[in-house]
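Structural overview
As a plain string of letters, each chain reads:
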Amino acid sequence: MRIQHIHVPDQDLLLLADGELPKRRSVEVRSHLEACWTCRSRLQEIEGVIADFVHLHHSELDPRLPLAAGPRALLKARLAETAAASPERERSKGLHSVGSFRAWSYALAALLTVGLLALVQRDLLPRTTRLAGVKDGSAPNRELTPGKTRPVTWDQVCSDGYRDMNRVVSPGVQRQVFKEYGISGTRRQDYEVDYLITPELGGADDLQNLWPEPYSSTDWGAHVKDALEDRLHQMVCEKKIDLGTAQREMARDWISAYKKYFHTDKPQSIDSANPAEKSEHKVGSVKSTKV
Amino acid sequence: MPMRPADSPIALQLVVTTTDKPAHSSGLENEVVDLFDQLREPIFRYALSLGLAADDGEDILQEVFLALFRHLQLGRDRANLRGWIFRVAHNLSLKRRFANQKAARRGEAGGEMADTAPDQAPSAEEQMVFNEKRARLSAVLRALPEQDQRCLRLRAEGLRYREIAEVLGISLGSVSISLTRSLARMQRAEGR
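Scope of this entry: the structure provided in the associated data block. Since the structure is predicted, the reported quantities are computational estimates derived from the model, not experimental observations.

**Focus: the overall build of chain A**
Looking only at helices and strands, chain A features 11 helices and 2 strands. Each helix and strand of chain A, placed in order from N terminus to C terminus, yields the pattern α-α-α-α-α-α-α-α-β-β-α-α-α. Residues counted as buried form 38% of the 291 residues belonging to chain A. Put simply, 76% of the contacts in chain A that link residues at least 6 apart link residues at least 24 apart.

Here's what the structure looks like:
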């Protein structure tokens, strides 16, 4: 027999009102509400607070809303501009030009090189990685995160819109990465799930290319890696190094790569190494805000 | 540890991108503008509630919908676009706020600090407009942990629990607990 006098907790009342209660429980709660004036008035009180909050929310913020016309027109113009410079156009244009064909072969060769080198490393290097900083997590576990690329061309990587592509790591994927690395609970707040090979340089959205990078436990943190990514991207687009080399350097040992390309043994300060600001909440963050 | 082919630490993808279907740009542009029309106000309110000034809110709006365009152009996941849009807006807003605070600390932009956190300090004028009950409610709201405020604001913009969970990177249960707790606090302040 159901015990009718045990009242429904506020949380369930709110879940019911929001249509978020599992079906079976919602039948139970509804039938309790029919019988119980106390819970029914409690639900009304909750609805009352919600109404007051919604009113406050709008009365605080609505007066500050801008008119739609200006921003809408601006967006349309920028969309047209972005569409004109899109990778699709670049690509179809590229298929008919010798220069781009060369870039294609170049990228393909680079990908092959990365793959072959990785195979060699896999066989020759000891399984336990000997990377600097690996103990504090600033370098990934190579077994779990060897790095993975997607097929991209130099033209794509260096097109205007490319650097601004979003690189949100979804919460689901983040959880998988944390699970892989055995990081649980509140400890997860201390890490950013980051790409080993940055997507800006053709890094893949794949578990093999993602690892939990500590925010602050080391000098070699996320912001230092960001600076290296910027530097490598710049060098690739200035044709100072090829794309495959950049990908390989990131995948093998990004800290050594930093030392090599910044000509230093210690990370430079955030401000001097990377004038672009560091994100406050890098987990799942969008990498670039420049348009 | 997940199963992976032992011989492919870096997987080679030799099927190059010509196999992608070229996106139909003008159709996508219209779709993005439609979504802009639908979500402009909710996104803008949310950005303001995170403590951004109106100018920053406008920038964020543009960035969010340009990012959406690229997202769609690349043929990425279309499931729950509203959740995706809010998540990007959330991340960009926090990033902008952090940058503003940093700039203000450096003293490069005097007075910008006040703009970056208008919600923390309502003006005397604003206070007068509020009646007593609303002023109390508003004070309680501001005193809530930031994450709790965000849950409330997102819910007020019509997001379902799973969308809120995704935007904030927390569990469904945390969303439910947060909302219940916040409403209870506000209710006590109202003396209901």
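**A few points about the packing of helix 4 (residues 69–84) of chain A against helix 2 (residues 54–73) of chain B**
Packed helix pairs are specified by the crossing angle of their axes together with the interaxial distance, meaning the distance between the axes. Between helix 4 of chain A and helix 2 of chain B, whose axes approach to 10 Å, the crossing angle comes to 35°. Like other packed secondary-structure pairs, helix 4 of chain A and helix 2 of chain B cross with a definite hand, here right-handed. Counted together, Pro71, Leu74, Leu75, Arg78, Leu79 and Thr82 of chain A of helix 4 of chain A and Glu58, Leu61, Gln62, Phe65, Leu66 and Phe69 of chain B of helix 2 of chain B form the full contact between these two elements. Each residue belonging to the contact of helix 4 of chain A with helix 2 of chain B can be placed in one class, and the counts come to 8 nonpolar, 2 polar and 2 charged.

**Quick notes on the nonpolar core**
Formed by 60 residues in total, the largest nonpolar core has its most connected members in Ile43, Ala47, Val64, Phe65, Ile85, Ala89 and Ile164 of chain B. Here the element with the most residues in this core is helix 2 of chain B; it accounts for 9 residues. Core analysis: the next-biggest nonpolar cluster, separate from the first, contains 29 residues, Trp154, Val193, Leu228 and Ile255 of chain A among them.

**A few points about the pairing of strand 1 (residues 191–195) of chain A**
If a strand is regular, its side chains alternate between the two faces of the sheet. Residues and elements named next belong to chain A. The buried fraction of strand 1 amounts to 5 of the 5 residues, a majority that puts the element mostly inside the structure. Here strand 1 shows two buried faces, one formed by Tyr191, Val193 and Tyr195 and the other by Glu192 and Asp194. Sheet topology note: the strand 1/strand 2 (residues 210–214) ladder contains 5 bridges and is antiparallel. When the sheet's bridge partners are listed, Tyr195 is paired in strand 2 with Leu210.

**Things to note about unusual backbone geometry**
Residue and element names in this part refer to chain A. Residues other than glycine seldom take positive phi values, yet Lys239 does so here, at roughly 60°. With respect to the helices and strands, the residue Lys239 is situated in the loop between helix 9 (222–237) and helix 10 (243–262). Lys239 sits in the exposed class, given 10 other C-beta atoms within 10 Å.

**Some thoughts on the packing of helix 3 (residues 81–106) of chain B against helix 8 (residues 161–168) of chain B**
Residues and elements named next belong to chain B. Contact geometry of helix 3 with helix 8 gives a least axis separation of 8 Å together with a crossing angle of 35°. Helix 8 is crossed by helix 3, and the crossing has right-handed handedness. In this structure, helix 3 uses Arg82, Gly83, Phe86, Arg87 and His90 to contact helix 8, whose residues at the interface are Glu163, Glu166 and Val167. Of the residues assigned to the contact of helix 3 with helix 8, the class counts are 2 nonpolar, 2 polar and 4 charged.

**Section: helix 1 (residues 10–17) of chain A**
Among the residues making up helix 1 of chain A, those that are buried are Asp12, Leu13, Leu14, Leu15 and Leu16 of chain A. Looking at the buried positions of helix 1 of chain A, the neighbouring elements they touch are helix 2 (23–35) and helix 3 (37–61) of chain A together with helix 9 (172–190) of chain B.

Calculation notes
Residues numbered from 1 in each chain as written. Chains lettered and ligands numbered in written order. Predicted model: local features only at pLDDT ≥ 70, side-chain atom pairs only at ≥ 80, totals over all residues. Helix = DSSP H or I, 4+ residues; strand = E, 2+ residues; numbered from the N terminus. Buried ≥ 20, exposed ≤ 12 C-beta atoms within 10 Å, placed from the backbone. Contact = placed C-beta atoms within 7 Å. Axes fitted to C-alpha atoms, helices over the stretch in contact; angles between N-to-C directions. Left-handed = near helix turned anticlockwise from the far one by under 90°. Nonpolar A, V, L, I, M, F, W, Y, C, P; charged D, E, K, R; others polar. Core = buried A, V, L, I, M, F, W, Y, C linked by C-beta atoms within 7 Å. Pairing = 2+ DSSP bridges.

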